[in-house]
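The primary structure of each chain is shown beneath.
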Amino acid sequence: MKTVTAYRCKKCGLVMYPGHKRCLKCNGRDFEEIEPEGLAKLLTYTVIEQLPWGIDERGRIIGIVEFENGVRAMGVVRAETVRLGQKLQAAWEPVRKIAGEDIYGFTFYAG
Ligand SMILES: [Zn+2]
(Lines give C-alpha, C1' and ligand atoms only; values in the text may rest on other atoms or scores of the structure.)
Protein backbone atom coordinates (compact mmCIF):
# COMPACT_ATOMS: atom_id res chain seq x y z
CA MET A 1 0.00 0.00 0.00
CA LYS A 2 1.78 3.12 -1.21
CA THR A 3 0.15 5.96 0.61
CA VAL A 4 1.97 9.12 1.55
CA THR A 5 5.55 10.04 2.26
CA ALA A 6 6.39 11.80 5.48
CA TYR A 7 9.74 13.19 6.54
CA ARG A 8 11.65 12.49 9.73
CA CYS A 9 14.29 14.99 10.80
CA LYS A 10 17.65 13.23 11.10
CA LYS A 11 18.75 15.61 13.82
CA CYS A 12 15.84 15.71 16.27
CA GLY A 13 13.46 13.01 15.00
CA LEU A 14 10.46 15.26 14.39
CA VAL A 15 8.08 13.74 11.82
CA MET A 16 6.49 16.12 9.35
CA TYR A 17 3.80 15.51 6.80
CA PRO A 18 3.62 17.26 4.48
CA GLY A 19 7.31 18.08 4.41
CA HIS A 20 8.97 21.43 4.89
CA LYS A 21 12.33 22.69 3.75
CA ARG A 22 13.52 23.03 7.31
CA CYS A 23 12.57 21.15 10.44
CA LEU A 24 9.89 23.04 12.36
CA LYS A 25 11.53 22.17 15.65
CA CYS A 26 15.32 22.37 15.20
CA ASN A 27 15.69 24.02 11.77
CA GLY A 28 17.56 20.97 10.47
CA ARG A 29 17.70 20.27 6.74
CA ASP A 30 18.31 16.52 6.60
CA PHE A 31 15.30 14.25 6.43
CA GLU A 32 14.61 10.61 5.83
CA GLU A 33 11.49 9.57 3.98
CA ILE A 34 9.10 7.37 5.92
CA GLU A 35 5.64 5.94 5.35
CA PRO A 36 2.87 5.65 7.92
CA GLU A 37 3.15 2.42 9.90
CA GLY A 38 0.99 0.55 12.34
CA LEU A 39 -2.36 1.51 13.78
CA ALA A 40 -3.68 5.04 13.61
CA LYS A 41 -4.72 6.77 16.83
CA LEU A 42 -7.57 9.23 16.44
CA LEU A 43 -6.45 12.66 17.65
CA THR A 44 -9.43 14.72 16.63
CA TYR A 45 -12.35 14.57 14.23
CA THR A 46 -15.24 16.47 12.81
CA VAL A 47 -18.47 15.47 11.10
CA ILE A 48 -19.17 17.14 7.78
CA GLU A 49 -22.83 17.16 6.81
CA GLN A 50 -22.59 19.29 3.67
CA LEU A 51 -20.50 17.27 1.28
CA PRO A 52 -19.30 18.43 -2.12
CA TRP A 53 -20.32 16.77 -5.36
CA GLY A 54 -18.76 13.39 -5.93
CA ILE A 55 -19.29 12.10 -2.43
CA ASP A 56 -22.27 9.84 -2.17
CA GLU A 57 -22.86 9.85 1.57
CA ARG A 58 -25.10 11.57 4.10
CA GLY A 59 -22.41 12.73 6.44
CA ARG A 60 -18.76 12.02 6.71
CA ILE A 61 -16.39 11.85 9.63
CA ILE A 62 -13.03 13.44 8.91
CA GLY A 63 -10.34 12.57 11.40
CA ILE A 64 -6.75 13.45 12.11
CA VAL A 65 -4.72 10.48 13.26
CA GLU A 66 -1.24 9.69 14.42
CA PHE A 67 0.38 6.47 13.27
CA GLU A 68 2.63 4.42 15.53
CA ASN A 69 5.73 5.87 13.90
CA GLY A 70 4.59 9.42 14.49
CA VAL A 71 3.21 10.29 11.04
CA ARG A 72 0.06 12.40 11.26
CA ALA A 73 -2.50 12.38 8.49
CA MET A 74 -6.10 13.23 7.74
CA GLY A 75 -8.71 10.90 6.34
CA VAL A 76 -12.23 9.54 6.36
CA VAL A 77 -13.25 7.61 9.47
CA ARG A 78 -15.54 4.69 8.64
CA ALA A 79 -16.53 3.50 12.07
CA GLU A 80 -19.95 3.23 13.72
CA THR A 81 -18.86 4.93 16.89
CA VAL A 82 -15.94 7.27 17.24
CA ARG A 83 -13.98 8.34 20.28
CA LEU A 84 -10.76 10.22 20.72
CA GLY A 85 -7.74 8.03 21.23
CA GLN A 86 -9.38 5.13 19.39
CA LYS A 87 -7.00 2.84 17.48
CA LEU A 88 -7.95 2.53 13.83
CA GLN A 89 -6.81 0.43 10.92
CA ALA A 90 -5.76 2.52 7.94
CA ALA A 91 -6.56 1.80 4.30
CA TRP A 92 -5.92 3.70 1.08
CA GLU A 93 -9.08 3.83 -0.98
CA PRO A 94 -11.15 5.98 -3.32
CA VAL A 95 -12.73 8.70 -1.18
CA ARG A 96 -14.47 10.69 -3.90
CA LYS A 97 -14.87 11.08 -7.64
CA ILE A 98 -13.78 14.10 -9.61
CA ALA A 99 -14.75 14.17 -13.29
CA GLY A 100 -15.45 10.44 -13.15
CA GLU A 101 -12.08 9.56 -11.66
CA ASP A 102 -11.49 8.02 -8.29
CA ILE A 103 -9.50 10.15 -5.90
CA TYR A 104 -7.63 8.13 -3.30
CA GLY A 105 -7.13 9.00 0.30
CA PHE A 106 -6.85 7.53 3.77
CA THR A 107 -9.78 5.74 5.31
CA PHE A 108 -9.80 4.48 8.88
CA TYR A 109 -11.71 1.52 10.25
CA ALA A 110 -12.31 0.37 13.79
CA GLY A 111 -10.00 -2.58 14.42
ZN1 LIG B 1 14.64 18.60 13.70
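The text that follows walks through the structure, step by step, so that each part is easy to find. (Residues numbered from 1 in each chain as written. Predicted model: local features only at pLDDT ≥ 70, side-chain atom pairs only at ≥ 80, totals over all residues.)

### Comments concerning the nonpolar core
Thinking step 1. Among the nonpolar cores identified, the biggest contains 13 residues, and Ala40, Val65, Leu88, Ala90 and Phe108 are the most heavily contacted of them.
Thinking step 2. Mapped onto this core, the elements with two or more residues apiece are strand 4 (40–48), strand 5 (60–67), strand 6 (72–78), strand 7 (87–98) and strand 8 (101–110).
Thinking step 3. The element contributing the most residues to this core is strand 6, with three residues.
Thinking step 4. Beyond its immediate chain neighbours, meaning those up to four positions away, Phe108 contacts Ala40, Gly63, Val65, Gly75, Val77, Arg78, Leu88, Gln89 and Ala90. (Core = buried A, V, L, I, M, F, W, Y, C linked by C-beta atoms within 7 Å. Buried ≥ 20, exposed ≤ 12 C-beta atoms within 10 Å, placed from the backbone. Helix = DSSP H or I, 4+ residues; strand = E, 2+ residues; numbered from the N terminus. Contact = placed C-beta atoms within 7 Å.)

### A few points about the sheet that holds strand 5
Thinking step 1. Ordered in space as 4-5-6-8-7, the five strands form a closed barrel in which the pairing is mixed. Taking the axes of each pair of neighbouring strands and ignoring which way they run, one obtains an average angle of 40° across the sheet.
Thinking step 2. When strand 4 meets strand 7, the two strands line up antiparallel, connected through two bridges. The partner of Lys41 across the bridge, within strand 7, is Lys87. (Pairing = 2+ DSSP bridges. Axes fitted to C-alpha atoms, helices over the stretch in contact; angles between N-to-C directions.)

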